[in-house]
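# Fold and geometry: a report
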Amino acid sequence: MSQQSSRRQWLQQSSLALVGLGFSFKSMANEEGFRRITGIENGVINLGSNENPYGISAKAKQAILDMMGETNRYHFNVPSLQSFKKTIGDYYKVGENQVLVTAGSGEGLALLARHFNKGNIVAADITFGVLPNTAKKIGSKVIEVPLTKDKVHDLPAMLKAINNETQLVYICNPANPSATIVANSALKNFCEEASKRTVVLIDEAYNEFLENGTDQSMINIIDKNPNVLVIKTFSKIHAMAGLRIGFIIGHSSLISKLQPDYFQSSQMCISNLAMAAAMASLADDEHQNMSRQKNDAARKYTVDELKKRGIDVSPSYTNFIFFPLKKYKGNFAEDMFNKHKIILRSNQYADGLWARVSIGTMDEMKKFIEAAARSNSFASS
Ligand SMILES: Cc1ncc(COP(=O)(O)O)c(C=O)c1O
């Protein structure tokens, strides 16, 4: 059997196993336990994980190839990688002692939940699940503050929720899964106010999808607000979800406190290939701009088509969209997978069923809209 056909067979069997096991799509904001079965071969379109469908930059690909000969070496023995943190620091205009590198920002979020384990953590409900779920698992209290009715972080309520035991406030901006954003000046004021009492962590996984992401980043206020941390990833605009690389930026006084507990050798967790690719990608504005522009166009198309069908899509500032399916009966994500081989997320919240759909290529989004329309998915919404 050829390698390709055995892979095809495996994918088919896996897809069947997935359906047969009654696979749940519930973990929309929490990636844990989500088995992803994808592949052009069996026609699956994966709009479930907010990945960048255009792949890594050609320059990053070349950097990986060039680094292949050095994979026998620890990174500290590879001259071009010795200054990796400095490269990140220079790009974001901070010192290298302000940077902690982690194997994806998910690892950073879990590590932060474990570090700030002596009191409570304030987070939005709903939000990206890794940090609050890790905190709950290790027995920390998580004070969950509902989003506003527009699915935006309720900053005044979050400020009020902070008490003497609060160790960390987590804000995902732009937010996952709601795709919304808080006004820059409001977030800045919040960070300044809240960080007088606790550490504030801003998750900027999707910041680069904004037209003016650099201006909106809270990295800009870290010098004057030493209790503010920003966490970022190479998984989204840089298309490196499989390479596992992310980082935390903060004031050196706070980073140096985190370092001995969990991060001392964190750069040891990152492969030479990932670091080489990340450095090349940071220097490739063209690839980032291409990803942003294509995402904007495919997102606009999808939002317009959904609106034509009466769907009330939340404004999206990310590479995914979030919308209610008010009268949809059943499990939307499971139906879309079973009938159309499209992976997306849907979840039942207090105010009803919502779907989160990643923005794929224009072609994939056309197929998504066609599938949804053909199955009359939205007629009853
Ligand atoms: C808001 C947010 N933060 C962090 C992550 C984790 O990304 P990674 O661990 O791939 O860096 C994700 C992934 O989807 C995310 O949506």
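So, a few notes on the structure that sits alongside this text.

Let us now look at the overall build of the protein. Tallying secondary structure elements over the protein gives 13 helices and 12 strands in all. Per-residue burial over the protein gives 56% buried out of 381 residues. Within the structure as shown, the protein displays about 16,900 Å² of accessible surface, and the carbon and sulfur contribution to it stands at 50%.

Let us now look at the packing of helix 3 (residues 84-92) against helix 10 (residues 272-282). Relative orientation and spacing of two packed helices are given, respectively, by the angle between their axes and the distance between those axes. Contact geometry of helix 3 with helix 10 gives a least axis separation of 11 Å together with a crossing angle of 20°. Relative to helix 10, the element helix 3 lies roughly parallel. Note on packing geometry: the crossing formed by helix 3 with helix 10 is left-handed. Contact with helix 3, carried on its side by Phe84, Thr87, Ile88, Tyr91 and Tyr92, involves Met275, Ala278, Met279 and Leu282 of helix 10 and no other residues of that element.

Before going further, it helps to examine the sheet that holds strand 7 (residues 228-233). Sheet strands pair by backbone hydrogen bonding; their relative direction is either parallel or antiparallel. Spatially, 2-8-7-6-5-3-4 is the arrangement adopted by the seven strands of the open sheet, whose pairing is mixed. Strands with a single pairing partner mark the edges of an open sheet, and in this sheet they are strand 2 (99-102) and strand 4 (141-146). Taken over all neighbouring pairs, the strand axes of this sheet differ in orientation by 20° on average, direction set aside. Here five bridges tie strand 5 (residues 166-172) to strand 6 (residues 199-203), and the two strands are oriented parallel to one another.

Considered for burial, the residues of helix 2 (residues 58-67) that qualify are Ala60, Ala63, Ile64 and Met67. Within helix 2, the buried residues cover an arc of 100° as seen down the axis, which keeps them to one side. Within helix 2, the exposed residues directed more than 90 degrees away from the buried face are Ala58, Leu65 and Asp66. The N-cap of helix 2, judged by a side-chain oxygen 3.0 Å from the amide nitrogen of Lys59 a few residues on, is Ser57.

Attention now goes to the sheet that holds strand 12 (residues 352-358). Taken together, three strands build an open sheet; the order of strands is 9-12-11 and the sheet is antiparallel. Across the chains shown, the open sheet's two edge strands, defined by having one partner strand only, are strand 9 (320-324) and strand 11 (345-349). Averaged over all neighbouring strand pairs, the angle between strand axes comes to 20°, with direction disregarded. Sheet analysis places strand 11 next to strand 12, joined by five bridges and oriented antiparallel. The residue bridging Asn347 from the neighbouring strand is Trp354, located in strand 12. The strands that helix 12 (residues 332-340) touches are strand 9, strand 11 and strand 12; relative to strand 11, the one it contacts most, it runs at about 155°.

Below, the discussion takes up the site of the ligand. Taken together, 14 residues lie near the ligand, and Ser105, Asp203, Tyr206, Thr233 and Ser235 sit nearest. A distance of 2.8 Å separates an oxygen atom of the ligand from a polar atom in the side chain of Asn176. The side chain of Tyr206 places a nitrogen or oxygen atom 2.6 Å from an oxygen atom of the ligand. Compared with its free state, where it exposes 400 Å², the ligand has 94% of that area covered by protein. The biggest single contributor to the shell around the ligand is helix 4 (residues 105-115), with three residues. For the shell around the ligand, a count of residues per class yields five nonpolar, six polar and three charged.

Calculation criteria
- Residues numbered from 1 in each chain as written.
- Predicted model: local features only at pLDDT ≥ 70, side-chain atom pairs only at ≥ 80, totals over all residues.
- Heavy atoms only, no water.
- Helix = DSSP H or I, 4+ residues; strand = E, 2+ residues; numbered from the N terminus.
- Buried < 20%, exposed > 50% of the residue type's maximum accessible area, 1.4 Å probe, protein only.
- Areas by Shrake-Rupley, 256 points an atom, 1.4 Å probe, with all protein chains shown as cover.
- Axes fitted to C-alpha atoms, helices over the stretch in contact; angles between N-to-C directions.
- Parallel < 35°, antiparallel > 145°, perpendicular 65-115°, else oblique.
- Left-handed = near helix turned anticlockwise from the far one by under 90°.
- Contact = heavy atoms within 4.5 Å.
- Pairing = 2+ DSSP bridges.
- Arc of directions from axis to C-beta.
- Polar contact = N/O pair within 3.5 Å; in protein donor to acceptor, adjacent residues only side chain to side chain.
- Near = heavy atom within 4 Å.
- Nonpolar A, V, L, I, M, F, W, Y, C, P; charged D, E, K, R; others polar.

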